[in-house]
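# Overview (structure and organization)
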Amino acid sequence: MSIVAAAEALAPTIAARAADTEAQRRLPADLAQMIAEAGLFRMAVPRALGGAEALPSDIFAALEVLGAADGATGWCTMIAGTTALVSAWLPEHHAAEVFGNPLTITGGVFAPMGKAVVDGDDYIVSGRWPWGSGSANCDWLLGGALVFEDGALRTLPGGAPEHRMMIMPRREVELIDTWDAMGMRGTGSGDIAVHKVRVPRGRSVSFINDAPRHDGPLYGFAPFALLALGIAAVASGIAQGALGDLAALATAKKAAGSSRTLAERGTVQEAYARASTALAAARALVQQDIAAAQGQIAAGTPLDAQQRARLRAAATHLVHTAADVTTTCYTLAGGSAVYASHPLSRRFRDAHVATQHVMVAPPTWELAGRVLLGLPTDIAML
């Protein structure tokens, strides 16, 4: 079964559990188990390790389906799925150690907020990272860390600080419940922390310095672009779900003192058409850019800075368009949507939290714009 078909098969169960997921403030363990058994946490793991090694276009489509069912569940699957990309960069024995179990769930935070001190063939890692989505269900967690050797920060040839993602067993990581958030409440995105955890050098990965050990088309795609597109896919799914919720409500609800349903009002018709068209256009741009990138990689040509910038800009545009569309749906629904129990309330809050992720937050426009204007730019995070 393809990952898209697997997502579609699970979507009704995920949607039925959305309120429960939000109430628990984490992805329920039994639901995480179902997603693991469906192979959706391993969408980016090489086939040689038992993963799906799916194309970015299929990863995007599967995450849209999950996001439409429930934003928080889609988000947790996206985080687990994209962190599992490190499987293609790890040496064989470490990859087998971490991903050998087909039900393994990974998670963590790419941002280099930790410190890794070189100690022989190991790193001694300490740090604390916010936004550890889905961590409670994980077997392994990663955290980005700056690398220090002999008391000094190691730097790359261009002068930038060296940082790597440290992959650590869950038993050595402290989970700190800081997640009392406006939206994405069901993601359990509390802090994760470690203190002087020993990590073998081979169980760390840099998407900037290291080369993938597998040569499938997925691994020629820009890793950070894949993360941004994953966020965009979940946000797009949330907005599609909101449009569906509003359509269902609008055909039945009548405003106080009116004989017409919301759907029969011209202002609602216009706003709905504009919102659905804006979302369709933003989705089409992303899908076009993904297809172009996949075609170029298949032809054996690496993505250049301009193409990476377009992918990031398209993902950012889709996330913010999705938030606007969800806001429109929430507003048109009127008083029905103000209750926390209403799906549109949850989707509204989830969509706006998605816009705050560093990969698609407003400063990404500046990064993409510098590249598109041909200015000298550090593109390591593109």
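Just above sits the structure.
How each quantity is defined
- Residues numbered from 1 in each chain as written.
- Predicted model: local features only at pLDDT ≥ 70, side-chain atom pairs only at ≥ 80, totals over all residues.
- Heavy atoms only, no water.
- Helix = DSSP H or I, 4+ residues; strand = E, 2+ residues; numbered from the N terminus.
- Rg over C-alpha atoms; globule rule 2.2 N^0.38 Å.
- Buried < 20%, exposed > 50% of the residue type's maximum accessible area, 1.4 Å probe, protein only.
- Contact = heavy atoms within 4.5 Å.
- Areas by Shrake-Rupley, 256 points an atom, 1.4 Å probe, with all protein chains shown as cover.
- Lys, Arg positive; Asp, Glu negative; His and termini not counted.
- Charge placed at Lys NZ, Arg CZ, Asp CG, Glu CD.
- Core = buried A, V, L, I, M, F, W, Y, C linked by side-chain atoms within 4.5 Å.
- Expected span 1.5 Å × (residues − 1).
- Phe/Tyr/Trp six-rings, centres within 6.5 Å; stacked < 30°, edge-to-face > 60°.
- Lys NZ or Arg CZ within 6 Å of the ring centre and 35° of its normal.

Before going further, it helps to examine the overall build of the protein. For the protein, the count of helices and strands is 11 helices and eight strands. Taking 2.2 N^0.38 as the reference for a compact globule, 382 residues should give roughly 21 Å; the C-alpha atoms of the protein span a radius of gyration of 21 Å, in line with that estimate. With respect to the three principal axes, the spread of C-alpha positions in the protein is 75 × 45 × 40 Å. The buried share of the protein, reckoned over its 382 residues, is 54%. Residue pairs at least 24 apart in sequence account for 75% of intrachain contacts in the protein once pairs closer than 6 positions are excluded. For the protein, the exposed area adds up to about 15,500 Å²; of that, 55% sits on carbon and sulfur atoms. Here the protein contributes 30 positively and 34 negatively charged side chains, and the mean placements of these two sets differ by 5 Å.

Take the nonpolar core next. Formed by 114 residues in total, the largest nonpolar core has its most connected members in L40, V125, M168 and F207. Ranked by residues supplied to this core, first place goes to helix α7 (residues 223–250) with 17 residues. Core analysis: the second largest hydrophobic core is formed by five residues, A309, A313, A368 and L382 among them.

Further remarks concern helix α8 (residues 266–298). At 3.6 residues per turn, the α-helix brings residues three or four places apart onto the same side. With 33 residues, α8 extends 48 Å from end C-alpha to end C-alpha; this agrees with the ideal 48 Å at 1.5 Å per step. If you check which residues of α8 are buried, you get V268, A275, L279, A282, V286, D289, I290, A293, Q294, Q296 and I297. Where α8 is buried, its residues meet α4 (56–69), α7 and α9 (305–332). Looking one or two residues past α8, G300 carries a phi angle of roughly 90 degrees, positive in sign.

With respect to the helices, strands and loops of the structure, L344 is situated in helix α10 (residues 343–354). On a C-alpha basis, the gap between L344 and G159 in space is 47 Å, while along the polypeptide they are 185 residues apart.

This next bit is on α4. For α4, which comprises 14 residues, the first-to-last C-alpha distance of 20 Å matches the rise-based estimate of 20 Å (1.5 Å per residue) to within 8%. By the burial criterion, the buried members of α4 are P56, I59, F60, A62, L63, E64, L66, G67 and A69.

Turning to the packing of aromatic side chains, a few remarks are in order. This model, assessed by the stated rule, comprises eight aromatic pairs. With a centroid separation of 6.2 Å and 75 degrees between ring planes, the pair formed by F110 and F224 is classed as edge-to-face. In this pair, F110 sits in strand β1 (residues 106–119) while F224 sits in helix α7, placing the two residues 114 residues apart along the sequence. Taken individually, F110 and F224 each receive the classification buried, so the pair is uniform in this respect. Pairwise contacts between aromatic rings join W89, F110, F207, Y219 and F224 into one cluster. When the ring centre of F148 is taken as reference, the NZ or CZ atom of K115 above it lies at 4.7 Å.

Purely geometric stuff here, so don't read any function into it on its own.
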